[in-house]
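# Observations on the model geometry
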Amino acid sequence: MKCRAMLSFSVLSFLVLLFAANSVFADNGGKRLALIVGMSNYTIAGTLPNASRDAEAFSGFLKSQGFEADLVLNADRKSFAEALSRFARKTGPQDIALFYFAGHGMQLHGENFLIGTDARLESEFDVPAETVALSEIINALEKRARISLVFLDACRNNPLANKLNVDVDGATRGGATRGLAPIETQGSGTLVAFAAAPGQVAADGTDGHSPFTRALIANLSGPGLEVGTAFKRVVRDVRKDTGGKQSPQILSSLSLEFYFGPEETAPQTQAALPVLPVPATDPEALEAEKDFKKALRVGTPRIWHFFVEKHRSGEYAELGRQTLAQIEPAGVRNQSHLPQSVEARLLPDKDQRRNVQLALAAKGFAAGVADGVFGGQTREAIKLFQSTNRQPASGFITERTAETLGIKVNDSSEGIYSSPKARRYDVANLEGLETDKRVLEALTCLRHFETVYGVFGGHLYVAVRTGTILAVYARGIASGCGAHLAAISSEEENAFVASLFNADQSFFQVGYDASGNVSYKMGPWIGLAQDPQGKEPRGGWRWDNGTALTYTKWFADMPNENKKGDDIGMYYAHRRGKVDTKSVYVDMWDDMGATDGTGGLILEFD
């Protein structure tokens, strides 16, 4: 069986944020535009018989759905790039732009590339000249279109990538690989769909079309099916057709509902639609589906952990476990989602376990001697209690079980809770899954801002991306949310806070100061202030919340009172000369003034 070189993709498997409605675009005069590329006849990489046929079939499908579709077949690198350039130029800010590719792809040093038919790739230095970077395609669409949809029907046994690994000196050290490299989308209207999960082969097909493209055409345009629901059916069909060997995946940041077909389901066609396996009358299954959609919208490992802790059986539970397995790197993956690990985190000592046994007995469930040891009798009592309360009967205490028993548990953990790059979170998608109430309260207050958040030393820290903001307004936001600008007392705490915003360049204000011949990088505000009578350069500094200043991380020769009134602290770094500071990691501080602005702030919730 032939197969195609699958591109690498970033986490969030099955991540179908169920958004992006075509009715919105009709009101705004936007067009549905598509570029469909099929590569079958490779000079060196062999033939993919179905790739061109798949592209032709998908082009016809899109035209039937109101897309203006440009079809490109068996293009060399130059023709491929020209087609992409034409497509980008014709795309406007109100348009839906869809890119479909069937053919070979590869990754090199963490970057993904689509390969034209003439590629030879004699060395890794040929890759930029003989391929097109996937990131460039996605970035071009995101800059121009209101909604960007990318469909990639490919697999990973690409002979060219294998050739680099075998023939090129040094390429085996993290060079061209068949594994998956992360990608990041910058826009709020992007969906990238992959034919297969990491480690799987996406089949070219034996009956004229690949299983993935056939399932796309069969399911995307169902009446009343938004893209999220439709893609679940694509996953189901592909898994069925391939005996579970191939499972499509999605990365999505869509923020509106999108329908390929009619938004409303015609009554006469309802019976013909595929039936989802979740019984509509099963409350537990309905709740699992509801929570699954929430987890899809949030997409963080933390929320997926909570989902699989809460739901342990059924189709959605299995999809949740598969998703979690994909979004956690193998090198750091642990067993924290297993029932016994969850229980150990929630009930770390015998006193809390004894309270569980007493609570079970008080509700009429015989848990044995209240000794803080969960033996067979206690486990059976937990199972019976869970079944009685319509919870998965695992026999292990979960957050939900403890709440139903009225038991307070240890619900906090250390680390970054959110995505590594700033996003706006809808608290409704966290409710019922996120256990740290401070997160819900903080994000409710900060609902209009994009954030990165996590916990260190029992305190919740939130990096808030605001656009250019003065310190006085940063303090106003902190006060309004019942928090304070971050007060930092150790190297470890400072390192954690810096990790919240350094992955996202939009937290910084950058520029060049000709008077000092430095390229500067100004990070978020922190709660560091100097009393007006403080002696320069370092006298009189304190934290806004009254904490004593026991630790500092001043940038070299700072604070320096560059101008009168530079009495407020922020993260800062610079480099000599006129240079690009994008790669500069900022974990040091500088003193700034009341008229200075920067891209965000760090809030601390006690």
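Our structure's up above, just so we're on the same page.
This text gives an overview of the structure that appears in the document. (Residues numbered from 1 in each chain as written. Predicted model: local features only at pLDDT ≥ 70, side-chain atom pairs only at ≥ 80, totals over all residues. Heavy atoms only, no water.)

## Digging into the sheet that holds strand β9 (residues 190-194)
Strands sit in the order β2-β1-β3-β7-β9-β10 across an open sheet of six strands; the sheet is mixed. This sheet does not close on itself; its edge strands, each paired only once, are β2 (68-73) and β10 (249-252). When strand polarity is set aside, the average angle formed by the axes of neighbouring strands in this sheet is 10°. (Pairing = 2+ DSSP bridges. Helix = DSSP H or I, 4+ residues; strand = E, 2+ residues; numbered from the N terminus. Axes fitted to C-alpha atoms, helices over the stretch in contact; angles between N-to-C directions.)

## Some remarks on the nonpolar core
Counting 73 residues, the largest nonpolar core has W525 and L603 as its most contacted members. Sort the elements by how many residues they give to this core and strand β13 (residues 459-470) lands first, with six residues. Listed in part, the 69 residues of the second largest apolar core include M39, L114, A119 and V227. (Core = buried A, V, L, I, M, F, W, Y, C linked by side-chain atoms within 4.5 Å. Buried < 20%, exposed > 50% of the residue type's maximum accessible area, 1.4 Å probe, protein only.)

## A short note on unusual backbone geometry
For the bond running from M558 to P559, omega is -5°, close enough to zero to count as cis. Position of P559 relative to the elements: it lies in the loop between β17 (541-543) and β18 (568-576). Phi at N74 is positive, roughly 50°, even though this residue is not glycine. Counting through the fold element by element, N74 comes out in the loop between β2 and α3 (77-90). A positive phi angle, close to 70°, is found at D557, a residue other than glycine. With respect to the helices, strands and loops of the structure, D557 is situated in the loop between β17 and β18.

## Observations regarding helix α18 (residues 471-480)
What α18 keeps buried is the set A471, A474, I477 and A478. The buried residues of α18 occupy an angular sector of 115° when the element is viewed end-on, so they sit on one face. In α18, those exposed residues whose orientation departs by more than 90 degrees from the buried face are V472, Y473, S479 and G480. In this fold, the buried residues of α18 make contact with β13, β14 (484-485), β16 (518-530), β18 and β20 (597-605). (Arc of directions from axis to C-beta. Contact = heavy atoms within 4.5 Å.)

## A look at empty space enclosed by the protein
Where empty space is left becomes clear once a probe the size of a water molecule has been rolled over the atoms. Summed over the entire model, instances satisfying the criterion amount to two cavities of 30 Å³ or more. Quantified by volume, the largest cavity comes out at close to 50 Å³. Contributing to the lining of the largest cavity are E309, K310, R312, Q386, Q391, P392, S394, T398, R400 and T401. Of all elements in the fold, only α10 (301-310) and α15 (399-405) reach the threshold of two or more residues within the lining of the largest cavity. Partitioning the lining of the largest cavity into residue classes produces one nonpolar, five polar and four charged. (1 Å grid on protein atoms, 1.4 Å probe; cavity = no way out; pocket = protein on both sides within 12 Å on 5 of 7 lines; lining within 4 Å. Points joined across faces, edges and corners; volume = space filled by probe spheres on them. Nonpolar A, V, L, I, M, F, W, Y, C, P; charged D, E, K, R; others polar.)

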